[in-house]
Amino acid sequence: MGMTAYHRPTTLQDALAIRAGADVAVLAGGTDIFPARTARAAWGDPTHRDVLDISAIPGLRDIEETAEGWRIGCLVTWSGLLRAPLPPIFDGLKAASREVGGMQVQSRGTLVGNLVTASPAGDGIPNLLALDATVEIAGPHGIRRLPVADFLTGYRATALAADELVIALQVPRLENAQGGFRKLGARHYLVISIAMAAGVIATNTAGRITAARIALGACSTTAQRLPALEAVLTGVDHAQAARVVQPHHLEAITPIDDIRATAAYRRDAALVLLRDLLEARA
Amino acid sequence: MIDIAFTLNGAPCTVTAPPFAPLSDTLRERLGLTGTKEGCNAGDCGACTVLVDGAQACACLIPSAQVQSAQVETVEATDGAVGAVLARLRAAFLAHGAAQCGICSPGMLMAAADLLLRDAAPDRAAVRDALGGVLCRCTGYAKILDAVLDASPQATHSPLAGEAVGASIARLDGAAKLDGTDRFGADEAPADALWLRVVRSPHASARFSLGDLEAARGALGLEAIITAADVPGLNAFGIMPNLKDQPVLADGLVRFRGEALLGLVGTREAVAAVRDAALPITWHPLPALHGAAAASAADAPQLHAHAPGNLLIEGRLNRNTPARDVANAEGHFTTGFVEHAYIEPEAGYAQPAPDGIGMEVFACTQAPYMDREETARVLGVAEDAVRIRPSACGGGFGGKLDVSVQPLLAVAARKAGRPVRIIYSRAESMASTTKRHPASITARMAADAEGRFTSYEFDADFNTGAYASWGATVANRVPVHAGGPYRITNLRNRARAIYTNDTPAGAFRGFGVPQAAIATESLVDDLAEQLGLDRWEIRRRNAIGRGDTTHSGQVLHASAGLPECLDALKPDWNAMLAQVAAHNATAPRVRLGAGIACMWYGCGNTSMSNPSRMKLTLARDGTLTLFNGAVDIGQGSTTVMAQICADALGLPLAQFRFVLGDTARTYDAGKTSASRQTFVSGRAAMETGLALRRRILALANAGEDAVLALDGTQLRVGEARVIDLAALPEDLEAEGRYDPPTTALDADGQGTPYATYGFAAQIALVSVDTALGVTKVRRIVAAQDVGRAVNPTLVLGQIHGGIAQGLGLALMEEFIPGRTENLHDYLIPTVGDVPEIDVHLIEDPEPEGPYGAKGVGEPALVPTAPAILSAIRHATGVTMRQVPVLPHRLWEAQRALRR
Ligand SMILES: Cc1cc2nc3c(=O)[nH]c(=O)nc-3n(C[C@@H](O)[C@@H](O)[C@H](O)COP(=O)(O)OP(=O)(O)OC[C@H]3O[C@@H](n4cnc5c(N)ncnc54)[C@H](O)[C@@H]3O)c2cc1C
Ligand code: FES
Ligand code: FES
């Protein structure tokens, strides 16, 4: 551990220069980086890549309302999300923020860090999919934007290049929309999801669904939207939405057997979570 | 290294530290603030919780560089708003008994302070949310919640002479646990100590050869690399007197993943920087035997020369001849490895004496005298050359009865000729130390038409892992208890301990009895169902009581309060059943269920002498000192011994001083295990107090009921006599000893294995979300016969803590070697998982025990899991015969039932 270089620049330009110049691990809240380091060291690998700590860069901690929607800086933490005055479309993300780890983790861990880790069990990710969020990426050639679904390329893998940084998430506005989240775990606090469902539902004054965006987490190598379900939900009376959900809407998911649950259980539980989510008006 | 300037506990601070080192490490190792604890270094336990810029955070997850310019508050804070809130919290924690071992207390206090600074009058739910990230393995959380809700200055009361027993006084060692000054294994070491890092096998079964270690040592900048060849004495340890089967350092062959083979000794930086892959170790993996079934197969390779068929031991109990009856139940049950998950990983240091022979070891332990014996054998020196100074022990539950760091440290310190320290990582602690035995049980039970139990048969294989540890104890204890606390005349019980290539299984609260109770109580429910009897009723009809004969032929002459326990629960049971019926009538998905279970538990070692001895001195300068060798691992023995001794002597508790568990200064008070300390050592403390009292009375020629009063060196005896201690030729000294009367068990397991038994019954209310298979325990009501509650607050603490562990056993805990070696994959209950608990203390005095007391430590855990399983069955109709009942397992069992 003695050999690891540690950079803590105070401007984005410096950070990008460091990132471009060396193979560094980006560190924001550290709540994924440190446990991973502990796990490796426990079985005899104390080495670590050099670290680029981005926490001293100003201007990345804000949630701003823009013309199109909202921009969430990459250093916004779970507690930062919880404190922010945000409309009901964010209720699912807020529910997830409340259920990530304990308050200690919420106060340091960032939403963007959760996304970049790209764990199938990352609680932020299905919510970002349901919010139709876009990832704002800074690199040597400027800024590019990718939808979250394209940003996630596989199990713990993203489209982020070695010389890039995520600087923000952008969430588009959707009128009369409500977010929701359902997490299933084997204990109350500090628990990794066995399965989870997130949704954003917009309704008209008659109570009919005008837009539905539904995502499942921990049921495939990456969280994913359920376009087939979303299609049939559109136009349905919200009060009836839970009844619309059928097993074939989940055909795209590929749950696995692991220490936390079996694949068959996950598939069935996902169905229950989805119905519960829609029952509770997303 | 960088300079980091920040505000620490209100004062400016600059520290030079590696920027990537966790803040917890910088606080502890560079700033000497060891009040912040490290239990996992992964964010999972919350023991390291501090405030950073006013918000609670895990110091183990924060790179030190990030606190530049920040405000950091730790448990050591005394000033300002944080200091004031902490002072109120400390007082409440002390009064409510919210700190047991105390290793979680700093984290709990900081998390609670974070809440109270934001919200001066929170409700219970808000407190739960605030404490959700801090694990406690001892208390079951209830007292912690009470304390946070009552964070205010508390009236302290100190009992008068003769009134200590029965008083809920605050634990005597509590203050240091709450201000961060208590010294746990990782909190103290000589400044010049080298560090030891153990290299462990990644294979469950393998041969290995070592290359040029001297070259590696030089290249890696280490002081030494120790191997089996460096063990000066016998390279073996183990619990059984004539079976030392586990090497300190493996010698060419490893039998489980996590077994130690090398010790790297050097500076902290040097040992931490070594990659195992850079060491000259050549592995030759062998097929591994996982599970008792694989190891008992006819063609299984033999793992130890002394154990054909990989059978370590078989314990039996036979009484008359079991037969079928009107109602007959049978089942097969399985339980997994359970991890103790004490929040303090093993740690300590060894200091060699300059003579090249002596060795002092400071480490967390439950059994200092056994550690001394094991360490001396490994060093090849006489026992009195080794001194064991127990550190504060951050939880044990049986897992710190075996040696862990002690012999490794001693060998390393001997080789280096310098003090050497070690702190196990969480993964290392979980992979290398003992677990609860997985059990595979087949049991049968029969009852007559009136529901009287007539026959019981039990056959179980316990996976003792790669080494014996306490396997023999489990095999002996289980047959005696397996049938449960019921009158049964025909029994045939077998328990085998089988060697495998899994993690060694050892002692864990209950020594195999909790596993057996899961089987037996399930069969009792089967019989009740077959006979159409209420589950409480069938237990009450069969409950063993005073005058009854146990399965090993022992007549219970006194202190057998199970019938009273059940009677105490009856009103709650009826109310629970009514609540369940009313709820389930209208709620098809989330169903309630009520469950019930009983238990008994013999206090002390099975059919073995296990004496305790203590000393009390009244010095010529008027100081009164109890020399107490019993290690307080959080359960409160230090306080309980003092209460008992004070009343036996007849002086107020406040006048006592203590010398505690130090093999150089105290007598052997045995192990802190088998629920024996209050009963056995407590009786020794009583005898010690009485002995000094007799000496004083003789000296003063006073009558038996003379009242004593000590004022400086003036000891008043009765109305008329005053002894001037200063004028005596020597200090007054007295000793007391107690060894519970037991007899050996014959080949059929008949005899008097224990002098006394604890009894308990519990009822549980659960809700099951049948669609998701998720069980939530809503309420537990416990009734426990404790003989006499010497300190009711401490007794309740033991019961709450046992119930929380029983809940974990039932619903979430399963150690899988290589898979769940951390506290996020291995789940223990959080503050959100433990329900409200009500306790009825039944006091049926034990004549052998001090003031009627007997053991409480283990019993509370035993009935919890079976009561929860009984409730799940009531809610769903599904009988779960495997624990933990993970959601997917319950979901699958429900589907199988419907099919
Ligand atoms: C005890 C505990 C409990 C937890 N419980 C949950 C839970 O219930 N649910 C859940 O979803 N998660 C949980 N987590 C993980 C969660 O805390 C993280 O996923 C967190 O959100 C990551 O944020 P961070 O800022 O701490 O990331 P870091 O650890 O700093 O970084 C995480 C990853 O993201 C990369 N990264 C971070 N920021 C950027 C950036 N701006 N640009 C490029 N790369 C970046 C890093 O290089 C790294 O690969 C838990 C963690 C702990 C320790
Ligand atoms: S040591 Fe930090 S959470 Fe366990
Ligand atoms: S008192 Fe909480 S872990 Fe021991």
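For the structure itself, consult the block above.
Now for a description of the structure that goes with this document. Within each chain, residue numbers correspond to sequence positions counted from 1 in written order. All chains are assigned letters beginning at A, and all ligands numbers beginning at 1, according to the order in which they are written. The model is predicted, so local features are restricted to residues of pLDDT at least 70 and side-chain atom pairs to those at 80 or more, both for listing and for counting; the totals for chains, interfaces and linings are taken over all residues. Heavy atoms throughout the structure, all of them, feed into the side-chain values; hydrogens and water do not.

Some points on helix H4 (residues 124-131) of chain B
For each residue, the accessible area found with a 1.4 Å probe, counting protein chains only, is set against the maximum for its type, and the residue is called buried under 20%, exposed over 50%, and partly exposed in between. A run of H or I in DSSP becomes a helix once it reaches four residues, and a run of E becomes a strand once it reaches two; helices and strands are each numbered from the N terminus. When H4(B) is considered as a whole, its buried residues turn out to be Ala126(B), Val127(B), Arg128(B), Ala130(B) and Leu131(B). Contacts are assigned to residue pairs that have any heavy atoms within 4.5 Å of one another. Close packing links the buried residues of H4(B) with helix H5 (103-108) of chain A together with strand E4 (55-58), helix H3 (105-118), helix H5 (142-149) and strand E31 (836-842) of chain B.

Some words on the pattern of salt bridges
A pairing counts as a salt bridge when a side-chain nitrogen of Lys or Arg comes within 4 Å of a carboxyl oxygen of Asp or Glu. The final tally for this structure, using the stated rule, is 69 salt bridges over all chains. Salt-bridge contacts for Asp23(A) lead to Arg49(A); the nearest nitrogen and oxygen are separated by 2.8 Å. With a gap of 26 residues between them, Asp23(A) in the loop between helix H1 (12-21) and strand E2 (24-27) and Arg49(A) in the loop between helix H2 (33-42) and strand E3 (50-53) connect regions that are remote in the sequence. Using a relative accessible area of 53% as the deciding quantity, one classes Asp23(A) as exposed. Residues joined in a network through salt bridges with shared partners are Arg183(B), Glu188(B), Glu360(B), Arg387(B), Arg389(B) and Asp662(B).

A word on the sheet that holds strand E5 (residues 71-73) of chain B
Residues and elements named next belong to chain B. What the 5 strands build is an open sheet, ordered E2-E1-E5-E3-E4; its pairing is mixed. A strand with exactly one partner marks an edge of an open sheet, and here the two such strands are strand E2 (11-17) and E4. Ignoring strand direction, the axes of neighbouring strands in this sheet form an average angle of 40 degrees. Where strand E3 (residues 49-52) and E4 come together, 4 bridges link them in antiparallel fashion. Within E4, the position partnered with Leu 51 by the bridge is Gln 56. Strand contacts of helix H1 (residues 23-30): strand E1 (2-8), E2, E3 and E5, with the helix running at about 95 degrees to E2, the strand carrying the most contacts. Helix axes are fitted to C-alpha atoms over the stretch in contact, other axes to C-alpha atoms as well, and angles between N-to-C directions run from 0 to 180 degrees. Packed on one face of the sheet, H3 meets E3, E4 and E5 and runs near 35 degrees to E3. A pair of strands is treated as paired once DSSP finds two or more bridges between them.

Digging into the nonpolar core
To form a nonpolar core, buried Ala, Val, Leu, Ile, Met, Phe, Trp, Tyr and Cys residues must be joined to one another through side-chain atoms within 4.5 Å. Residues Leu89(B), Phe93(B), Leu131(B), Ile868(B) and Ile872(B) are the most contacted members of the largest nonpolar core, which totals 180 residues. Not counting the four nearest positions on each side in its chain, Leu89(B) is found in contact with Leu109(B), Ala112(B), Ala113(B), Leu116(B), Val148(B) and Ala151(B). Listed in part, the 83 residues of the second largest apolar core include Val51(A), Leu131(A), Val135(A) and Ala138(A).

Here we look at the sheet that holds E2(A)
Residues and elements named next belong to chain A. If you trace the 3 strands from one edge of the open sheet to the other, you get E1-E3-E2, paired in parallel fashion. The sheet is open, and its two edges are formed by strand E1 (6-7) and E2, each paired on a single side. Across 4 bridges, E2 lies against E3 in parallel orientation. Bridge pairing links Val 24 to Asp 50 in E3.

Here we look at the site of ligand 1
In this text, near means that some heavy atom of the residue lies within 4 Å of the molecule or strand in question. Near ligand 1 there are 35 residues, and of these Val26(A), Gly29(A), Thr31(A), Thr110(A) and Asp123(A) occur at the shortest range. With respect to ligand 1, the chains having nearby residues are chains A and B. Any pair of nitrogen or oxygen atoms within 3.5 Å is treated as a polar contact; in protein, a donor-acceptor pairing is required on top of that, and neighbouring residues in sequence qualify only through side-chain atoms on both sides. Within the side chain of Trp78(A), a nitrogen or oxygen atom sits 3.2 Å from an oxygen atom of ligand 1. In the environment of ligand 1, a nitrogen atom lies 2.8 Å from a nitrogen or oxygen atom belonging to the backbone of Val166(A). When isolated, ligand 1 has an accessible area of 980 Å², and the protein chains bury 90% of it. Breaking the shell around ligand 1 down by element, the ones donating at least two residues are E2, H2, helix H6 (111-117) and strand E10 (165-172) of chain A. The biggest single contributor to the shell around ligand 1 is H6(A), with 5 residues. Values of accessible area rely on a 1.4 Å probe in the Shrake-Rupley scheme; residue burial ignores everything except the protein chains shown.

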